Amino acid sequence: GSLSGLTFGSGIQTQTRSSVRDYAYVRDANGNLTGETITAEFSQAAYVLTNLFTRYDISENLNISANLNNVFDKTYYSTVGYIYYGNFYGDPRNFLVTLRAKY
């Protein structure tokens, strides 16, 4: 029937715990470096992201699809770099609609 061109899908993306251990410089109450260092760790727990997908074939040459990524709007780091930099948040929940034509 009219729903014969409909496709659904889902996916998960997982990441194990990530961490970096490094030295951090100690500052005094005035913000001046003391010359001392301490061991510091930056870490992120394991996480799972859920994604959903649907596509509808309008005709043999035309389809429309929709993707919903990070369904539960999980806050996570896509990269764990160093103590001071290189730690970037991953994408929040987002939605994409695509219309494709073949000719």
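In what follows, the accompanying structure is described. Throughout, residues of each chain are indexed from 1 in the direction in which the sequence is written. Totals for whole chains, interfaces and linings use all residues, but because this is a predicted model, local features are given only for residues with pLDDT of at least 70 and pairs of side-chain atoms are given and counted only at 80 or more. No hydrogens and no water enter the side-chain calculation; it runs on all heavy atoms of the structure.

With that settled, consider the side chain of Asn87. Helix and strand definitions follow DSSP, with helices as H or I runs of at least four residues and strands as E runs of at least two, each counted in order from the N terminus. Within the secondary structure, Asn87 sits in the loop between strand E6 (77-79) and strand E7 (88-89). The definition of a polar contact used here is a pair of N or O atoms within 3.5 Å, where within protein one atom must be able to donate a hydrogen and the other to accept one, and adjacent residues in sequence count solely through side-chain atom pairs. Among the polar contacts listed, one links the side chain of Asn87 to the backbone nitrogen of Gly81, at a separation of 2.7 Å. Ignoring any residue separated from it by four or fewer positions in sequence, one finds Asn87 in contact with Phe42, Tyr77, Thr79, Val80, Gly81 and Tyr82. By the convention used here, residues are in contact when the closest approach between their heavy atoms is within 4.5 Å.

Attention shifts here to the packing of aromatic side chains. Here the distance between the centres and the angle between the planes together describe a pair of aromatic rings. Centre distance within 6.5 Å is the pairing criterion for rings of Phe, Tyr and Trp, where only the six-membered ring of Trp is used; planes under 30 degrees apart are then read as stacked, over 60 as edge-to-face, and the remainder as tilted. By the definition in use, this model includes three aromatic pairs. Taking the centre distance of 5.2 Å and the plane angle of 75° together, the rings of Phe42 and Tyr77 count as edge-to-face. Residue Phe42 is located in strand E3 (residues 33-44), and its partner Tyr77 is located in strand E6; the two are separated by 35 residues in the primary sequence. An identical accessibility class is assigned to Phe42 and Tyr77; each is buried. Aromatic side chains Tyr77 and Tyr89 sit 4.7 Å apart centroid to centroid with 15° between the ring planes, which places their arrangement in the stacked category. You can see Tyr77 sitting in strand E6 and its partner Tyr89 sitting in strand E7, a full 12 residues away along the chain. Here the aromatic cluster, defined as three or more aromatic residues joined through ring pairs, consists of Phe42, Tyr77 and Tyr89. Working definition: with a 1.4 Å probe on protein chains only, accessible area under 20% of the residue-type maximum means buried, over 50% means exposed, and in between means partly exposed.

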